[in-house]
Amino acid sequence: MPYRKESEVGEVRPMVQDFERRKEAEGEAAFHRLGWKRLTIVLIVEAIALGSLSLPGAFASLGMILGVILSLFLGGLAMYTSFVIGNLKLKHPDITHYADVGRLMFGRVGFEVMSFMFVLQLIFIVGSHVLTGKIMWGTLTENGTCSIAFGVVSAIILFLLAIPPSFAEIAILGYIDFVSIIAAILITIIATGIRASNQDGGLSAINWSAYPKENVSLAEAFIAICNIVFAYSFALCQFSFMDEMHTPSEFPKSILALGIIEIVIYTLTGAFVYAFVGLDVKSPALLSAGPLVSKVAFGIALPVIFISGSINTTVIARYIHGRAFRNSVVRFVNTPMGWGTWLALDAIITVIAWVIAEAIPFFSDLLAISSSLFISGFTFYLPAIMWFMFLKEGKWYERKNWLYSGLNILCFFIGIVVLGVGTYSSVWDIKQHYADGKVGTPFSCDPVR
């Protein structure tokens, strides 16, 4: 009898090993299906959300000329730093998420610090989509019920859309997402343009200006600048997305396509809506289109609110799940254990994001602080450091490196300025909201203000 049991164990072990090898091969295939076209769509999903409709408010503070210049300039720099990130990924294929760059730069301490920054910022972004969902449901129903219920519904939708573990699968939803945001933006531009034309005095009566608004403070101006900076913050998830590419060397096509699309959308949206509404433009600008049209626009924008939010949950879950099951077939999410742990992790992330968004009455300002602290690095000064540490060939002051050295010094400087002045401005904004009585209460049924 003991001999038989030992024999049975010996027969089972190869079967288990064969099963794991098969699942690992299937997982590797499933997680490397992303081509450059799908990568472009996934980047669009992550990058272009209703935040693009906060840019008219930024133009209102900065004026038309400075708003357009900064949108073009910062968009171009963000494209460049994304090329730096992509080239580092090609040089170090073992980098799977942005957190891995911390280890490459500063060892274990750098890895843990950047992991914290990476996960916290993405959770905050998911929380911001919970709040945007609350605003949308409140607008559609004219605040027909407790806003906490709207938050719960938004969180559930975000959870369900984050279930697919592969970015290639999310790319399919990305086409819906892209059509949704383009349609919402066009409706907003057309509706505000018609309203402006029909008012007394027509377009000439709109109080927009080519120059910054009168008496604008440093904090107000820099909050507007930060809104433009954060609009171009797609670098955060680029390593994660590129890790699924079957031909990573084709990434420049995706960055170029995304960069051009973003710059055109952001600049035209900011300029047109500001010109049609003026200094009284609301954020998001959908709310400036009138009660009925804003409902229509929010309804059309529903996919982008939740698809763009859920992809951040997927990135967090992929990072944590892959780290927890690094040497196990479970990491491929194609076994019962893999699916069970994946769904549990998705649920935990979504609940944490919902709780943070509901419990912190100044959450939107807290998101601005975290973005100043973290996005300034992920998009600007960290890629600059990457170039100097890992991609530079020869001395930085050699003639062949003059252009790239100058660009990276500029990116580093901008990142540090956003880090310092942006954080100061966000803290100032929180104090101002408290002074004006605009800060709500935790877990309140009141509409989001």
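Residues numbered from 1 in each chain as written. Predicted model: local features only at pLDDT ≥ 70, side-chain atom pairs only at ≥ 80, totals over all residues. Heavy atoms only, no water.

1. What about the packing of helix α2 (residues 36–47) against helix α10 (residues 251–277)?
One can describe the packing of α2 onto α10 by two numbers: an axis separation of 8 Å at closest approach and a directional angle of 35°. Once α2 is placed against α10, the crossing between them reads as right-handed. Contact residues: W36, L39, T40, L43, I44 and A47 in α2; F251, K253, S254, I255, A257, L258, I261, E262 and Y266 in α10. Grouping the constituent residues of the contact of α2 with α10 by class yields eleven nonpolar, two polar and two charged. (Axes fitted to C-alpha atoms, helices over the stretch in contact; angles between N-to-C directions. Helix = DSSP H or I, 4+ residues; strand = E, 2+ residues; numbered from the N terminus. Left-handed = near helix turned anticlockwise from the far one by under 90°. Contact = heavy atoms within 4.5 Å. Nonpolar A, V, L, I, M, F, W, Y, C, P; charged D, E, K, R; others polar.)

2. Looking at unusual backbone geometry
As a rule of thumb, non-glycine residues mostly have phi less than zero, and peptide bonds are mostly trans rather than cis. Non-glycine residue V333 carries a positive phi angle of around 55°. For V333, the position within the fold is in the loop between α11 (291–324) and α12 (336–359).

3. Some points on the pattern of salt bridges
Applying the stated rule across the entire model yields nine salt bridges. The partner of E142 in a salt bridge is K295, and the shortest N-O contact between them spans 2.6 Å. Of this pair, E142 sits in the loop between α5 (99–141) and α6 (147–161) while K295 sits in helix α11, and the two are 153 residues apart along the sequence. You can call E142 exposed: its relative accessible area is 60%. Its relative accessible area of 24% is what places K295 among the partly exposed residues. Taking the shortest distance from any N to any O, the salt bridge between E220 and K213 comes out at 3.8 Å. Overall, E220 belongs to the partly exposed group, its relative accessible area being 26%. Assessed through its relative accessible area of 30%, K213 is described here as partly exposed. What you see here is one network of salt bridges that share partners, running through R108, E112 and R323. (Salt bridge = Lys/Arg side-chain N within 4 Å of Asp/Glu carboxyl O. Buried < 20%, exposed > 50% of the residue type's maximum accessible area, 1.4 Å probe, protein only.)

4. A word on the packing of aromatic side chains
If you walk through the whole model with that rule in mind, you get 16 aromatic pairs. When the ring of Y232 is compared with that of Y266, the centres are 5.0 Å apart and the planes differ by 70°; the resulting orientation is edge-to-face. Here Y232 is found in the loop between α8 (218–231) and α9 (238–242), whereas its partner Y266 is found in helix α10, with 34 residues between them in sequence. Given a relative accessible area of 2%, Y232 falls into the buried group. Classification of Y266 by relative accessible area gives buried; the value is 0%. Ring geometry for W396 and Y397: centres 5.7 Å apart, planes at 85°, overall edge-to-face. Judged by its relative accessible area of 42%, W396 falls in the partly exposed class. An aromatic cluster is built from Y80, W387, F388 and Y404, whose rings are joined through pairwise contacts. The ring of F111 has R103 sitting right over it, with the charged end atom 3.9 Å from the ring centre. If you follow R318 out to its NZ or CZ, it ends over the ring of F31, 4.1 Å from the centre. (Phe/Tyr/Trp six-rings, centres within 6.5 Å; stacked < 30°, edge-to-face > 60°. Lys NZ or Arg CZ within 6 Å of the ring centre and 35° of its normal.)

5. A look at a nonpolar patch on the surface
On the surface, I65, I69, F73, Y211, L410 and F413 cluster together to form a nonpolar patch covering roughly 600 Å² of accessible area. If you list the elements that add at least two residues to the nonpolar patch, you get α4 (64–91) and α14 (402–436). Top element by residues in the nonpolar patch is α4. It accounts for three residues. Positionally, L410 belongs in helix α14. L410 gets classed as partly exposed once you look at its relative accessible area, which sits at 31%. (Patch = residues over 30% accessible without salt bridge, like charges linked within 9 Å, V, L, I, M, F, W, Y side chains within 5 Å. Areas by Shrake-Rupley, 256 points an atom, 1.4 Å probe, with all protein chains shown as cover.)

6. Some details on the state of the cysteines
By the definition in use, this model includes one disulfide. What pairs with C146 in a disulfide is C445, and their sulfur atoms sit 2.0 Å apart. Across the S-S bond of C146 and C445 the torsion is about -85°, and the bridge reads as left-handed. One end of the pair, C146, is in the loop between α5 and α6; the other, C445, is in the segment after α14, with 299 residues separating them in the sequence. Using a relative accessible area of 43% as the deciding quantity, one classes C445 as partly exposed. Its sulfur unpaired, C226 is 16 Å from the next cysteine sulfur, which belongs to C411. Not engaged in a disulfide, the cysteine C237 finds its nearest cysteine sulfur in C411; these two sulfurs lie 19 Å apart. With relative accessibility at 0%, the residue C237 sits in the buried group. (Disulfide = S-S within 2.5 Å.)

7. Remarks on the packing of α6 against α12
Close contact between α6 and α12 brings their axes to 10 Å; oriented N to C, the two are set at 150°. Considering their axes alone, α6 and α12 lie roughly antiparallel with respect to each other. Here the hand of the crossing between α6 and α12 comes out right-handed. Each of S147, I148, G151, V152, A155 and F159 in α6 lies in contact with α12, whose residues at this interface are L343, D346, A347, T350, W354 and E358. In terms of residue class, the contact of α6 with α12 is made up of seven nonpolar, three polar and two charged. (Parallel < 35°, antiparallel > 145°, perpendicular 65-115°, else oblique.)

8. Examining helix α3 (residues 55–62)
Since the α-helix turns once every 3.6 residues, residues separated by three or four places project in the same direction. The buried count for α3 comes to seven of eight residues, which makes it a mostly enclosed element. Those residues of α3 that fall on the buried side of the exposure criterion are L55, P56, A58, F59, A60, S61 and L62. The first or second residue beyond α3 is G63, which carries a positive phi of 90°.

9. Side note on the confidence of the model for the chain
In this model, the chain carries a mean pLDDT of 89, and residues with pLDDT of at least 70 account for 93%. Here helix α1 (residues 2–30) stands out as the least confident element of the chain, with mean pLDDT 60; α4 is the most confident, with 97. (pLDDT = per-residue confidence, 0-100.)

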